[in-house]
Amino acid sequence: MIIAVDGPAASGKGTIAKALARHYRLPHLDTGLLYRAVAFAVGQLDLDPEKEADAVAACDFEERMLEDPRLRDDRIGRLASIVSAHPLVRAALLQRQKRFAHQPGGAILDGRDIGTVIAPDADAKLFVKATPRIRAKRRHAELQGRGDLTSFDRVLADIRQRDERDSSRSAAPLVMAADAALLDTSFLSIDSSVQKAIAIVEAARLLQ
Ligand code: DC
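Residues numbered from 1 in each chain as written. Predicted model: local features only at pLDDT ≥ 70, side-chain atom pairs only at ≥ 80, totals over all residues. Heavy atoms only, no water.

**Regarding the overall build of the chain**
Right, so step 1: Across its full length, the chain carries nine helices and five strands.
Right, so step 2: Over its C-alpha trace the chain gives a radius of gyration of 16 Å, about what one expects of a compact globule, namely 17 Å for 208 residues.
Right, so step 3: Counting only C-alpha atoms and orienting by the principal axes, one finds that the chain spans roughly 50 × 35 × 30 Å.
Right, so step 4: Expressed as a percentage of its 208 residues, the buried residues of the chain come to 50%.
Right, so step 5: Partitioning the contacts of the chain with sequence separation of at least 6, the portion at a separation of at least 24 is 75%.
Right, so step 6: Working note: accessible area of the chain is about 10300 Å², and carbon and sulfur atoms make up 54% of it. (Helix = DSSP H or I, 4+ residues; strand = E, 2+ residues; numbered from the N terminus. Rg over C-alpha atoms; globule rule 2.2 N^0.38 Å. Buried < 20%, exposed > 50% of the residue type's maximum accessible area, 1.4 Å probe, protein only. Contact = heavy atoms within 4.5 Å. Areas by Shrake-Rupley, 256 points an atom, 1.4 Å probe, with all protein chains shown as cover.)

So, in structure tokens, the structure goes:
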């Protein structure tokens, strides 16, 4: 079974995807990490994230970079949003994601274009959303927990800017697949969100 979980930054899609992976005992890939690794490598190599050729040169990052906790920084998330808009960067990471999705036994992937580009044939597709303000609140609390004192307004502005960039790019923009189920986590606890996600997957399985 392939499960696709898409949605904007801080919507809760990563938490939901991890919980689904545990529930169904499926391997999980956080595809945002791949773009974050490219962004990080761009910085390390002193390249320009806005230049497609520079970003492509950074796609050959070392595997162990995916474990680096610095990939989770908001600065890297911003840069990831920039490098991920280049079609050739997306092309460079495409086969790896498709292979992961179509491994024997199935898989669960979360990102922006899983249901539309990476696994349009997924057995269950979820599109996770929450209002920008609520996502900013969650991200702000998470940053504070890590000792990062970025202001709420800055976090909110950042979320809005990333939404705009991820949704308006021409290559695989963030859009809900026509056959995805919408899960709005704005007013749901993590537990309720996960329960709803499982119900969506079960309903999709019944339709198979
Ligand atoms: O989910 P995230 O915040 O870790 O993703 C970081 C950036 O990577 C996001 O702003 C857009 C890009 N991304 C993408 O374009 N396609 C994906 N499947 C996953 C992430």
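Now, onward.
**A short note on the site of the ligand**
Right, so step 1: Inspection of the region around the ligand gives 15 residues, with Arg36, Arg90, Arg162, Asp166 and Arg169 positioned closest.
Right, so step 2: Taking Arg90, its side chain carries an N or O atom lying 2.8 Å from an oxygen atom of the ligand.
Right, so step 3: Residue Asp166 places a side-chain N or O atom 2.9 Å away from an oxygen atom belonging to the ligand.
Right, so step 4: Alone, the ligand offers 440 Å² of accessible surface; in the complex the protein occludes 96% of this.
Right, so step 5: Those elements giving two or more residues to the shell around the ligand turn out to be α2 (32–44), α4 (74–83) and α8 (152–168).
Right, so step 6: It is α2 that provides the largest number of residues to the shell around the ligand, a total of three residues.
Right, so step 7: Residue composition of the shell around the ligand, by class: two nonpolar, five polar and eight charged. (Near = heavy atom within 4 Å. Polar contact = N/O pair within 3.5 Å; in protein donor to acceptor, adjacent residues only side chain to side chain. Nonpolar A, V, L, I, M, F, W, Y, C, P; charged D, E, K, R; others polar.)

**Digging into the packing of helix α1 (residues 13–24) against helix α9 (residues 190–207)**
Right, so step 1: Where α1 contacts α9, the two axes come as close as 10 Å, and the packing angle between them is 60°. What the angle tells us is that α1 and α9 run oblique. For the pair α1 and α9, the sense of crossing is right-handed. Here α1 contributes Thr15, Ile16, Ala19, Leu20, His23 and Tyr24 to the contact with α9, which in turn contributes Ile190, Ser193, Val194, Ala197, Ile198, Val201, Glu202 and Arg205. (Axes fitted to C-alpha atoms, helices over the stretch in contact; angles between N-to-C directions. Parallel < 35°, antiparallel > 145°, perpendicular 65-115°, else oblique. Left-handed = near helix turned anticlockwise from the far one by under 90°.)

**Concerning the pairing of strand β4 (residues 124–129)**
Right, so step 1: Counting buried positions along β4 yields five of six residues, so the element is predominantly enclosed.
Right, so step 2: With four bridges connecting them, strand β1 (residues 2–6) and β4 associate as parallel partners. Residue pairing in the sheet places Val5 in a bridge with Leu126 of β4.
Right, so step 3: Where β4 meets strand β5 (residues 181–184), four bridges bridge the pair, whose relative direction is parallel. Across the sheet, residue Leu126 finds its bridge partner in β5, namely Ala181. (Pairing = 2+ DSSP bridges.)

**Quick look at α4**
Right, so step 1: α4 sits mainly inside the fold: eight of its 10 residues count as buried.
Right, so step 2: When α4 is considered as a whole, its buried residues turn out to be Asp74, Ile76, Gly77, Leu79, Ala80, Ser81, Ile82 and Val83.
Right, so step 3: Those residues of α4 hidden inside the fold are in contact with α2, α3 (52–57), α5 (87–101), α7 (132–145) and α8.

**Digging into the environment of Phe61**
Right, so step 1: Note on placement: Phe61 falls in the loop between α3 and α4.
Right, so step 2: A relative accessible area of 9% means that Phe61 is categorised as buried.
Right, so step 3: Along the backbone, Phe61 and Leu188 are 127 residues apart, and their C-alpha atoms lie at a distance of 37 Å.
Right, so step 4: Here Phe61 is in contact with Leu34, Ala37, Val38, Ala41, Leu66, Leu93 and Arg96, once residues within four sequence places are set aside.

**Notes on the pairing of strand β3 (residues 107–111)**
Right, so step 1: For β3, a buried count of five out of five residues is recorded, marking the element as mostly surrounded by other parts of the structure.
Right, so step 2: Of the two faces of β3, the one holding Ala107, Leu109 and Gly111 and the one holding Ile108 and Asp110 are both buried throughout.
Right, so step 3: With five bridges joining them, β1 and β3 adopt parallel strand pairing. Paired with Ile2 across the strands is Ala107, a residue of β3.
Right, so step 4: As judged from the three bridges shared by strand β2 (residues 28–30) and β3, these two strands associate in the parallel manner. Pairing of Leu29 across the sheet is with Leu109, part of β3.

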